[in-house]
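What follows is each chain in one-letter form.
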Amino acid sequence: MSTESAGELLESNDVAGDVEELRVRLEEDGYLFFRELLSPEEILTLRREMLTVMQAGGWLIAGTDPVEGIADPAARSTEGDLEYTDVYHKVYRLESFHRIGHDPGLIELLEKIRGCPMMSQPQKVARLWFPKFTDHTTPVHQDFVHFQGTNDNLTCWSPVGDCPRELGGLAVLRGSHKVNRVLEHHFSLGAGSLIVHPEQHEELGSEWLTTDYRCGDTLIFPALTIHRALPNVTEDRLRVSLDNRYQRVSDPIAEHMLNPHLSSMSPLSWDEVYEDWGTEEYQYYWKQHQLDVLPKITSYLESAFEEASELSRQGDPRAQLHLRRIALREPDSDMGQQAARVLEDSPTATL
Ligand SMILES: O=C(O)CCC(=O)C(=O)O
Ligand SMILES: [Fe+2]
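Predicted model only: the values in this text are computed from it and were never measured.

Basis of the calculations
Residues numbered from 1 in each chain as written. Chains lettered and ligands numbered in written order. Predicted model: local features only at pLDDT ≥ 70, side-chain atom pairs only at ≥ 80, totals over all residues. Heavy atoms only, no water. Helix = DSSP H or I, 4+ residues; strand = E, 2+ residues; numbered from the N terminus. Buried < 20%, exposed > 50% of the residue type's maximum accessible area, 1.4 Å probe, protein only. Contact = heavy atoms within 4.5 Å. Donors = N, O, S within 2.8 Å, 3.2 Å for Na, K, Ca; no water. Near = heavy atom within 4 Å. Polar contact = N/O pair within 3.5 Å; in protein donor to acceptor, adjacent residues only side chain to side chain. Areas by Shrake-Rupley, 256 points an atom, 1.4 Å probe, with all protein chains shown as cover. Nonpolar A, V, L, I, M, F, W, Y, C, P; charged D, E, K, R; others polar. Phe/Tyr/Trp six-rings, centres within 6.5 Å; stacked < 30°, edge-to-face > 60°. Lys NZ or Arg CZ within 6 Å of the ring centre and 35° of its normal. Pairing = 2+ DSSP bridges. Domains from an automatic or database assignment. Buried area = accessible area lost by both parts, 1.4 Å probe. Axes fitted to C-alpha atoms, helices over the stretch in contact; angles between N-to-C directions. Parallel < 35°, antiparallel > 145°, perpendicular 65-115°, else oblique. Left-handed = near helix turned anticlockwise from the far one by under 90°.

Q: How should the side chain of histidine 98 be read in this particular structure?
A: Here histidine 98 shows up in helix H4 (residues 95-99). Residue histidine 98 is classed as buried on the basis of its relative accessible area, which comes to 3%. Residues in contact with histidine 98, not counting those within four places in the same chain, are Tyr92, Lys124, Trp270, Val273 and Trp277.

Pasting the structure below:
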């Protein structure tokens, strides 16, 4: 899909009070989109806080206003790199970043849609995407393979600041949730390392939708809706966004969603996250519910690892980059050692 060929997301602000219509749209289109569902002022304050941490971490050009998000290309990294988690986990300690995931207006809307009490999952997520690093754009996927739990979980994606198309916002494949199953995912670079090929499923159509997002906008979609990010093709701007997930309080949760994001790559405990917080309101808040905890399904990532290994042996530079990241990041784990062995058996290639 080229950026130009994506259509425009349908705004639902005008029907926000009509729960039946919201449900019909969600059922029909597989998403709901709202302008300024979150307070633009609050998001802008959060933007400044997050980018100030990134500037201290060396990601922004020194001396520039952090709110502009002007990236230093020398610092570029992505999920899977230890340099990425070094700075990301500092951002992750901000109380305001977690608080926004509990926005009362957002929760109220989700509860109206689902007709029952809803909960923000503990694992909050931010994406901090460098410009012109487009091999690492989030590939086409369904969220279930990563976040699991139930198909009814709702992802809420919000840019932290204005996010015009060229900065690489999210695009959804309209109505794709109706496929009603988890499709086969394959190895890819980019967040999550898993890609689906909707063009192989005729019933899915090809109606990709996106928009020039503005500060406070939010896109909501269930776990089977196929979506992707657009490449950040700006000259020098970081793309900053949130993608949090919400579930019925009565639904089960996958065990890894109880942990801080990317803590399996670089250890980070909730006590560390909470160290500098001013209040306890959103600390360990999920413990008040008797959540049924499901073991993580690891088969999606395991088969992607096998695929990457095979591609690496065939000389595929992307697969080799992926394996090199794993080998560097976790030299002592089984997967890290296997990645190192596969690389030794692979013809040299550079990316
Ligand atoms: O922001 C991104 O690049 C990925 C976001 C995503 O896949 C999601 O919100 O589920
Ligand atoms: Fe996703």
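Q: Teacher, can you tell me more about the coordination of the iron ion (ligand 2) here?
A: In a perfect tetrahedron of four donors around a metal, the angles come out at 109.5 degrees. In a perfect octahedron of six, they are 90 or 180 degrees. The coordination sphere of the iron ion (ligand 2) contains the protein donors His141 (NE2), Asp143 (OD) and His227 (NE2), at a distance range of 2.0 to 2.1 Å. Every donor residue of the iron ion (ligand 2) comes from the same chain, spaced as H-x1-D-x83-H. Taken together, the residues span a long stretch of sequence, with histidine 141 in the loop between strand E4 (126-129) and helix H6 (144-147) and histidine 227 in strand E11 (residues 227-229) at a distance of 86 residues. Among the residues examined, histidine 141 registers a relative accessible area of 5% and is labelled buried. Judged by relative accessible area, which is 3%, histidine 227 ranks as buried.

Q: It is not clear to me how the site of ligand 1 should be interpreted in this structure. Could you clarify?
A: Not every one of the 14 residues close to ligand 1 is listed here, only the nearest: Thr138, Asp143, Trp157, Arg239 and Arg245. Histidine 141 places a side-chain nitrogen or oxygen 3.1 Å from an oxygen atom of ligand 1. About the coverage of ligand 1: the protein hides 99% of its 300 Å² of free accessible area. Listing elements by their share of the shell around ligand 1, those giving two or more residues are strand E5 (154-159), E11 and strand E12 (239-248). Counting residues per element, the shell around ligand 1 draws most heavily on E12, which supplies four residues. Tallied by class, residues from the shell around ligand 1 come to four nonpolar, five polar and five charged.

Q: How do you make sense of the packing of aromatic side chains when you look at a structure like this?
A: Each aromatic ring pair is specified by the distance between its two centres and by the angle formed by the two planes. Under the criterion given, the structure shown has 15 aromatic pairs. Aromatic side chains tryptophan 59 and phenylalanine 130 sit 5.0 Å apart centroid to centroid with 65° between the ring planes, which places their arrangement in the edge-to-face category. Highlighted residues: tryptophan 59 in the loop between helix H2 (40-56) and helix H3 (82-91) and phenylalanine 130 in the loop between E4 and H6, separated in sequence by 71 residues. Phenylalanine 130 shares its class with tryptophan 59; the two are buried. Its guanidinium or amino end placed over the ring of phenylalanine 147, arginine 245 lies 3.5 Å from that ring's centre, counting from NZ or CZ.

Q: What exactly am I supposed to notice about the pairing of strand E10 (residues 218-222) here?
A: Successive residues of a regular strand alternate their side chains across the two faces of the sheet. Judged by how many residues are buried, E10 sits mostly within the fold: five of five residues are covered. The pairing of E5 with E10 spans four bridges and is classified as antiparallel. Across the sheet, residue cysteine 156 finds its bridge partner in E10, namely isoleucine 220.

Q: Can you walk me through the sheet that holds strand E9 (residues 208-210) in this structure?
A: Across a sheet, strands are paired by hydrogen bonds formed along the backbone, either parallel or antiparallel in direction. As summarised here, the arrangement of the four strands in space is E1-E9-E6-E11, forming an open sheet in which the pairing is mixed. Pairing within the sheet leaves two strands with one partner each, and these edge strands are strand E1 (7-8) and E11. Where strand E6 (residues 170-173) lies against E9, two bridges are found, and the strand directions are antiparallel. Bridge assignment links leucine 173 to a residue of E9, and that residue is tryptophan 208.

Q: I tried to follow the domain arrangement of the protein chain on my own but got confused; where do I start?
A: Interfaces are often sized by the accessible area lost when the parts come together. As assigned here, the protein chain comprises domain 1 (3-293) and domain 2 (298-346). Averaged C-alpha coordinates put domain 1 and domain 2 at centres separated by 27 Å. Contacts between domain 1 and domain 2 engage 18 residues on the former and 13 residues on the latter. Contact with domain 2 buries surface across domain 1, with Phe187, Leu189 and Leu194 losing the most and accounting together for 39% of the total.

Q: I would appreciate a short explanation of the packing of helix H8 (residues 299-313) against helix H9 (residues 317-329) in the present structure.
A: Relative placement of two packed helices is described by the angle separating their axes and the distance separating the axes. At a minimum axis distance of 8 Å, the contact between H8 and H9 shows a crossing angle of 120°. The angle between the axes of H8 and H9 places the two elements in the oblique class. The hand of the H8/H9 crossing is left-handed. Two secondary-structure elements touch here, H8 through Phe305, Ala308, Ser309, Leu311 and Ser312 and H9 through Ala319, Gln320, His322, Leu323 and Ile326. Here the residues of the contact of H8 with H9 sort into six nonpolar, four polar and no charged.

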